2 protein chains.
Amino acid sequence: MALFIIRYGEVGLKSKAVRRRFENALRRNIAERFILQKLECRIELDWGRVYLWTDETDKAAEILRKTFGIVSFSRAIECSSDKQDICANAAALSKPLYKNGMSFRVKARRTGQHDYTSMELAKEAGSAVWLANEERGPSVNLTDPDLTVYIEVRQNRAYVFSEVVQGPGGMPLATQGRVLGYVNDGRGAAACWMMMKRGCKVIVATDNDDLIRKLRDWDPNIKVVDSVPISEVIDLARKFKVDGVVFGWSLDEFEYYQSQVGEMTLPIFHPLIGMGESDINELIGQFI
Amino acid sequence: MALFIIRYGEVGLKSKAVRRRFENALRRNIAERFILQKLECRIELDWGRVYLWTDETDKAAEILRKTFGIVSFSRAIECSSDKQDICANAAALSKPLYKNGMSFRVKARRTGQHDYTSMELAKEAGSAVWLANEERGPSVNLTDPDLTVYIEVRQNRAYVFSEVVQGPGGMPLATQGRVLGYVNDGRGAAACWMMMKRGCKVIVATDNDDLIRKLRDWDPNIKVVDSVPISEVIDLARKFKVDGVVFGWSLDEFEYYQSQVGEMTLPIFHPLIGMGESDINELIGQFI
């Protein structure tokens, strides 16, 4: 099975309890998405990392790219913390990726006790990568290489990888409250997306199937209800006992719509209120 | 006197009336800042541009960098639209900037009727720049040159410049409503800054002199009132007849603070609600 190392974390995860809640939500969210797609995986948590084993590497990458809370992930080779073993795996990883005339570097880090330093390990693995690609004219470039081989040693296991893929960041879904999102256009969807990224579960009131499909990429379990006139949104929100309502208004539109919403007995969130049109379009382009 | 060309504009400036209001507010804001600093300037509006003449170039640049609504600006040489005149000015502009072995390009654009095309003008001005710097070994690089000489011909005038400085963008101050900003920390200040960038005049309730000073860089006329306990913010807002209240809460903090604000009879804006801590810190770093 292939292994993915998944990195998460927002500054501000201060307490152990918050961290545990964050980790468990992230693990549950990833597992649910695999189950929904009838894919098998195994997930383990360890000190600021999630390890995921699966045979479906392409589909897994697709899921991880759209799971809130994930900062980045890497497909990795796992081996023992034995130096020779690591060097052999670094060399093996580099061979199919190495092309004539490419430059490379090795970056190594460790946690735990070992009979080598990170620097020694990087140097030795660097030699192994060099020898494995000798006929391709390798060169070392520490600042801007064509290929970076990363080595992470954690206690008695080591992980070797070459690529770090960005995730969306933010907080895992369902680590914050539940809100109702009023989605009649791309801006409404963008506003929901921002609240989802902050960890909210969003119930979407919309009649736009395209936008539902886009939001479902990020929360496959997203609850969708039929849209209502804007004057009835607060009633709808009360019915679903949500903690607040999300709108995609910009400041120009605020006055016009606000007056139509009626009595505000629930918190209203408009996460786009401080953004200009070009910022909002960029945001929509990012997730649609 | 030195001339600055100032570019503004947000997508969404659709109607002529909105555009005029935007332009007049921008002109007034720039003029006010010069007056406050006892600096002289002359300002003219023309088709999506503001022209500003002043002797105080450093102070002017400092002001323009922190005036909302300005997308970019350039210090320019003004001359007639005569081709020889433009070429001579392009050459003169390049000479003090040109160093041995540098590459350059000339970019030209025109509005109005002339006896040359933009392409012809760029070619001829390119030759003039080349000749002026011949002993420094010039070379042309159209994609990533060390120096770009920009030429803009507008009817019977032309402008030659080499630098485009980014402004903050957004909407000029006072093109939107008035809000009360509750500022007890950097996040509160960042939230106010975002609403100011959207065109709001913000009255700041704070006891933090450092933050006042930072916000005053962006609105020298900013009104500051003493802070109050959070439970009295709404009363304060009513007293000043503002259109809404601005807080710097993130979603985590929302529930805690919201309950302390009391009855929400005014719109509440929390422009940071959809942002993570690293986004917010980046924002604070930008304007503080």
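Since we're looking at a predicted model, the values are computed, not measured.

Engineer: Explanation requested: the domain arrangement of chain A in the structure shown.
Structural biologist: The accessible area lost on association of the parts is a frequent measure of interface size. Assigned domains of chain A: these are domain 1 (2-78), domain 2 (82-155) and domain 3 (178-287). Averaged C-alpha coordinates put domain 2 of chain A and domain 3 of chain A at centres separated by 48 Å.

Engineer: Looking at this structure, I do not really get unusual backbone geometry. What am I missing?
Structural biologist: Most peptide bonds are trans, and most residues other than glycine sit at a negative phi. Residues and elements named next belong to chain B. Although it is not a glycine, Lys-38 adopts a positive phi angle of roughly 55°. By secondary structure assignment, the location of Lys-38 is in the loop between helix H1 (16-36) and strand S2 (42-46). Residue Lys-38 is classed as exposed on the basis of its relative accessible area, which comes to 75%. Here Ala-174, not a glycine, exhibits a phi torsion of approximately 75°, which is positive. Structurally, the position occupied by Ala-174 is in the loop between strand S9 (165-166) and strand S10 (178-182).

Engineer: What exactly am I supposed to notice about the interface of chain B and chain A here?
Structural biologist: Contacts between chain B and chain A engage 25 residues on the former and 25 residues on the latter. Here chain B and chain A share an interface that buries about 2,200 Å² over both sides, 65% of which is from carbon and sulfur atoms. Of all residues in chain B, Arg-198, Leu-251 and Glu-277 of chain B give up the largest surface area on contact with chain A, accounting jointly for 24% of the area buried on that side. On inspection of chain B and its partner chain A, the count reaches 0 salt bridges. Counting across the chain B and chain A interface gives 3 residue pairs in polar contact (both at pLDDT 80 or more). Listing elements by their share of the side of chain B that touches chain A, those giving two or more residues are helix H5 (186-197), helix H8 (251-261) and strand S14 (268-269) of chain B. Among the elements that take part in the side of chain B that touches chain A, H8 of chain B stands out by supplying 4 residues, more than any other.

Engineer: What is the right way to look at the pattern of salt bridges in this model?
Structural biologist: Where charged atoms from two side chains of opposite charge come close, those side chains can pair. One pass over the full model with this rule turns up 24 salt bridges over all chains. With a shortest N-O distance of 3.6 Å, Glu-23 of chain A and Arg-19 of chain A are connected by a salt bridge. With Glu-23 of chain A and Arg-19 of chain A both in helix H1 (residues 16-36) and 4 residues apart, the pair spans about one turn of that helix. In this structure, the salt-bridge partner of Glu-253 of chain B is Arg-187 of chain B, at a minimum N-O distance of 3.8 Å. Of this pair, Glu-253 of chain B sits in helix H8 while Arg-187 of chain B sits in helix H5, and the two are 66 residues apart along the sequence. Classification of Glu-253 of chain B as partly exposed rests on a relative accessible area of 22%.

Engineer: Just to check I follow, could you spell out the side chain of Glu-23 of chain B for this structure?
Structural biologist: On the basis of relative accessibility, which here comes to 13%, the residue Glu-23 of chain B falls in the buried class. Residue contacts for Glu-23 of chain B: discarding those within four places in its chain leaves Tyr-8, Leu-45 and Gly-48 of chain B.

Engineer: How do you make sense of the sheet that holds strand S11 (residues 201-205) of chain B when you look at a structure like this?
Structural biologist: Residue and element names in this part refer to chain B. A sheet is described by the order of its strands in space; here 5 strands give the open sequence S12-S11-S10-S13-S14, paired in parallel fashion. In this open sheet, the two edge strands, each paired with only one partner strand, are strand S12 (223-225) and S14. As paired elements, S11 and S12 share 3 bridges and run parallel to each other. Counterpart to Ala-205 in the pairing with S12 is Val-225.

Engineer: Explanation requested: the relation of the copies chain B and chain A in the structure shown.
Structural biologist: In this arrangement, two copies of a chain are superimposed by a rotation about an axis accompanied by a shift along the axis. At an RMSD of 0.1 Å, chain B and chain A line up after a rotation of 180° and a shift of 0.1 Å along the axis. The operation mapping one copy onto its partner corresponds to a two-fold rotation axis. Considering only C-alpha atoms, the part of chain B nearest the rotation axis is Pro-271 of chain B, at 2.9 Å. Of all interface residues in chain B, 100% are interface residues in chain A too; the two copies therefore contact each other through one and the same surface.

Engineer: I would appreciate a short explanation of the environment of Gly-181 of chain B in the present structure.
Structural biologist: All names here are of chain B. Along the chain, Gly-181 falls in strand S10. Taking relative accessible area as the criterion, Gly-181 reaches 0% and is therefore assigned buried. Through-space distance from the C-alpha of Gly-181 to that of Ile-268 is 10.0 Å; in sequence the pair is 87 residues apart. In this structure Gly-181 touches Cys-192, Val-202, Ile-203, Val-204, Ala-205 and Val-246, once residues within four positions along its chain are discounted.

Rules used throughout
Residues numbered from 1 in each chain as written. Chains lettered and ligands numbered in written order. Predicted model: local features only at pLDDT ≥ 70, side-chain atom pairs only at ≥ 80, totals over all residues. Heavy atoms only, no water. Domains from an automatic or database assignment. Helix = DSSP H or I, 4+ residues; strand = E, 2+ residues; numbered from the N terminus. Buried < 20%, exposed > 50% of the residue type's maximum accessible area, 1.4 Å probe, protein only. Contact = heavy atoms within 4.5 Å. Buried area = accessible area lost by both parts, 1.4 Å probe. Salt bridge = Lys/Arg side-chain N within 4 Å of Asp/Glu carboxyl O. Polar contact = N/O pair within 3.5 Å; in protein donor to acceptor, adjacent residues only side chain to side chain. Pairing = 2+ DSSP bridges. Least-squares fit on C-alpha atoms with pLDDT ≥ 70 in both.

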